[in-house]
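Chain residues, written in single-letter form:
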Amino acid sequence: MRTSSGSPRTAIIGSGIIGAALACALARRGARVTVLDEGIPANRATRGSFAWINAHRPEDAAYFALRLESMRLWRGLVGEIDGLPVRLGGALNWEGAEKIETLAKALDEGGNTARLVSRARIREMEPALAAPPEVAIDAPLEGVADPDRIAGALLVAAAAMGAEVRAPVTVTGIASANGRVTGVETGGGPVEAERVVVAAGKATSALLAAVDVPLPMKTPLGLLVRTAPVPRLSQRIFTSDELHVWQMDDGRLILGEDFGGSPVASDAERAETEERVLERARRAFGMAALSLDSSTVTGRPVPEDGYPAVGRVPGMDGLLVATMHSGVTLAPVMAREVAAMVLDDAEAGMLARYGVERFGGAA
Ligand SMILES: Cc1cc2nc3c(=O)[nH]c(=O)nc-3n(C[C@H](O)[C@H](O)[C@H](O)COP(=O)(O)OP(=O)(O)OC[C@H]3O[C@@H](n4cnc5c(N)ncnc54)[C@H](O)[C@@H]3O)c2cc1C
């Protein structure tokens, strides 16, 4: 079941950053690929992401190496795709003062070229910070992607290389015969494919459940605030115990509190959280006039154990999955590796430990 070009017809469910990056990787290699997306912006984690491209957690060497490799690939993509909304301007991090020295050393030894910088040096690097910390980790290889534009930009690049993008199209099921995938069912009829990759973010779990594949996921909510535009403060990203912040190209600051769940159970709680985060940013930059532009509250697609769920789905030939948190960081490496599985029947390689089989289900 191969096309005349020799590569399998591939359908990707989802055009967030993971589906879009994969479409690019497949199209670049001449594959015939169709991306299907239901097109509801609020359902898209990529749009509500803080979008920091980073490698932390050096205690897990393999996962750390995966993130580093993806950062390296981002650098390549920036050179390759004109106007890609990714800025690798570095990060300054001063979370957890008690562990900062150990972390800087481990990051550096692991290959993230991080170093400790003193307050005096931070003042020189970042004059807009009103009260720089005593010490911070400077990670110059890290950066950000514009969450509003990155998936779209990758899709445009994929389409220019021959990928077909269909939206809004809701995939209602995965079609199969004799243990082999044959395509997907959509509201507008079936779409035939020899490979199907489920890259549907937090909806991935339900799509797989319908073919009896368990993928337990949690979706903690994250609130991010965008301020009204202000003059350029920095090209870097800053992360401290109380605030995560970077400045978008149009001058808006994008602010978050932490990577756990944000308190937003009611409108009042949401407004309180917005105001608290804004106030922290006002203090950080000594800018009393910082005001709210908008905020987003978005569920993070996180497989139960916190690691990506990616690779072939056992029990159904031709079905693959790619969903994860840190998808902004990990998209290029996931795209490259999954494309190799689709086109070269490659082994899972560096993704071997992230297969869905770890959650049980058909062998
Ligand atoms: C608040 C927050 C902060 C974050 N911060 C960071 C960070 O700093 N760094 C980082 O690397 N990551 C971060 N993440 C995680 C990152 O944003 C996600 O891992 C990534 O965006 C996931 O991309 P995706 O393409 O898998 O999913 P999504 O962007 O959710 O895209 C999935 C797509 O699938 C489509 N879809 C779903 N079901 C169907 C269906 N049945 N038919 C058709 N289409 C369908 C949806 O419409 C959607 O467009 C953060 C996430 C959040 C929410």
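Keep in mind that this is a model prediction, so the values were computed, not measured.

## A few points about the pattern of salt bridges
Thought 1: For the structure on display, the rule yields 31 salt bridges.
Thought 2: Here Arg 226 makes a salt bridge to Asp 148, at a shortest N to O gap of 2.8 Å. Here Arg 226, found in strand S15 (residues 221-227), pairs with Asp 148, found in the loop between strand S8 (143-145) and helix H5 (150-160); they are 78 residues apart in sequence, far enough to count as distant.
Thought 3: Between Asp 293 and Arg 252 there is a salt bridge; the shortest N-O distance is 3.4 Å. You can see Asp 293 sitting in strand S19 (residues 292-299) and its partner Arg 252 sitting in the loop between strand S17 (244-247) and strand S18 (253-256), a full 41 residues away along the chain.
Thought 4: Under the relative-accessibility criterion, Asp 293 is labelled partly exposed at 39%.
Thought 5: Within the structure, one salt-bridge network assembled from shared partners comprises Asp 148, Arg 226, Asp 250, Arg 252 and Asp 293.

## Observations concerning the site of the ligand
Thought 1: The ligand sits among 38 residues. The nearest are Asp 37, Ala 45, Thr 46, Met 324 and Gly 327.
Thought 2: Contacts to the ligand include Ile 17, whose backbone N or O atom sits 3.1 Å from an oxygen atom.
Thought 3: Glu 38 has a polar backbone atom sitting 3.0 Å from a nitrogen atom of the ligand.
Thought 4: Within the complex, 98% of the 1000 Å² of free accessible area of the ligand lies under protein.
Thought 5: Of all the secondary structure elements, the ones that give two or more residues to the shell around the ligand are helix H1 (17-28), S19 and helix H8 (327-344).
Thought 6: Considering each element in turn, the shell around the ligand owes the most residues, three residues, to H8.
Thought 7: Counting the residues that make up the shell around the ligand, at least three belong to each of domain 1 (10-47 + 149-216 + 304-359) and domain 2 (88-142 + 219-300).

## Describing the packing of helix H2 (residues 61-80) against helix H3 (residues 100-112)
Thought 1: Between H2 and H3, the least distance of the axes is 10 Å, while the angle of their chain directions is 60°. Taken together, the axes of H2 and H3 are oblique relative to one another. Taking contact as the criterion, the partners of Phe 64, Leu 68 and Met 71 in H2 are, on H3, Leu 107, Gly 110, Gly 111 and Asn 112.
Thought 2: In terms of residue class, the contact of H2 with H3 is built from four nonpolar, three polar and no charged.

## Brief notes about unusual backbone geometry
Thought 1: Backbone torsion omega between Ala 167 and Pro 168 reads 0°, so that peptide bond is classified as cis.
Thought 2: Within the secondary structure, Pro 168 sits in the loop between strand S9 (164-166) and strand S10 (171-177).
Thought 3: Of note, the phi angle at Ala 51 is positive, near 65°, even though the residue is not glycine.
Thought 4: Within the element layout of this structure, Ala 51 appears in the loop between strand S2 (33-36) and strand S3 (52-53).
Thought 5: At Arg 57, a residue that is not glycine, the phi angle is positive and equals roughly 60°.
Thought 6: Along the chain, the position of Arg 57 falls in the loop between S3 and H2.
Thought 7: For Arg 57, a relative accessible area of 35% translates into the label partly exposed.

## Concerning the pairing of strand S1 (residues 10-13)
Thought 1: Going residue by residue along S1, you find Thr 10 and Ile 12 tucked away on one face and Ala 11 and Ile 13 tucked away on the opposite face as well.
Thought 2: Relative to strand S13 (residues 195-198), S1 runs parallel, the two sharing four bridges. Of the residues in S13, the one forming a bridge with Ile 12 is Val 197.
Thought 3: Looking at chain direction, S1 and S2 are connected through four bridges and run parallel. Each bridged residue has a counterpart across the sheet, and for Ala 11 the counterpart in S2 is Thr 34.
Thought 4: For the handedness criterion, the β-α-β arrangement of S1, H1 and S2 is classed as right-handed.

## Considering H2
Thought 1: With 20 residues, H2 extends 29 Å between its outermost C-alpha atoms, agreeing within 8% with the 28 Å of an ideal straight helix rising 1.5 Å per residue.
Thought 2: Those residues of H2 that sit buried are Tyr 63, Phe 64, Leu 66, Arg 67, Leu 68, Glu 69, Ser 70, Met 71, Leu 73, Trp 74 and Leu 77.
Thought 3: Where the residues of H2 are buried, they touch H1, S3, strand S4 (86-87), H3, H5 and H8.

## Some points on the packing of aromatic side chains
Thought 1: The final tally for this structure, using the stated rule, is five aromatic pairs.
Thought 2: Joined through ring pairs, the aromatic side chains of Tyr 63, Tyr 307 and Tyr 354 make up one cluster.

## Details of the domain arrangement of the chain
In many reports, interface size means the accessible area that the parts give up when they come together.
Thought 1: The assigned domain composition of the chain is domain 1 (10-47 + 149-216 + 304-359) and domain 2 (88-142 + 219-300).
Thought 2: Domain 1 puts six residues into the contact, and the matching count from domain 2 is six residues.
Thought 3: The junction of domain 1 with domain 2 conceals about 490 Å² of combined surface from both sides, 57% of it contributed by carbon and sulfur atoms.
Thought 4: Together, Arg 47, Lys 202 and His 325 form the three largest contributors to the area buried by domain 1 at its contact with domain 2, with a combined 69%.
Thought 5: In this structure, the connection of domain 1 to domain 2 is made through one salt bridge.
Thought 6: Here Arg 149 and Asp 249 are joined by a salt bridge, their closest N and O atoms 3.6 Å apart.
Thought 7: Counting every contact that joins domain 1 to domain 2 gives two residue pairs in polar contact (both at pLDDT 80 or more).
Thought 8: Of the residues that constitute the side of domain 1 that touches domain 2, the class distribution is one nonpolar, one polar and four charged.

Rules and cut-offs
- Residues numbered from 1 in each chain as written.
- Predicted model: local features only at pLDDT ≥ 70, side-chain atom pairs only at ≥ 80, totals over all residues.
- Heavy atoms only, no water.
- Salt bridge = Lys/Arg side-chain N within 4 Å of Asp/Glu carboxyl O.
- Helix = DSSP H or I, 4+ residues; strand = E, 2+ residues; numbered from the N terminus.
- Buried < 20%, exposed > 50% of the residue type's maximum accessible area, 1.4 Å probe, protein only.
- Near = heavy atom within 4 Å.
- Polar contact = N/O pair within 3.5 Å; in protein donor to acceptor, adjacent residues only side chain to side chain.
- Areas by Shrake-Rupley, 256 points an atom, 1.4 Å probe, with all protein chains shown as cover.
- Domains from an automatic or database assignment.
- Axes fitted to C-alpha atoms, helices over the stretch in contact; angles between N-to-C directions.
- Parallel < 35°, antiparallel > 145°, perpendicular 65-115°, else oblique.
- Contact = heavy atoms within 4.5 Å.
- Nonpolar A, V, L, I, M, F, W, Y, C, P; charged D, E, K, R; others polar.
- Pairing = 2+ DSSP bridges.
- Right-handed = clockwise from strand over helix to strand, strands pointing away.
- Expected span 1.5 Å × (residues − 1).
- Phe/Tyr/Trp six-rings, centres within 6.5 Å; stacked < 30°, edge-to-face > 60°.
- Buried area = accessible area lost by both parts, 1.4 Å probe.

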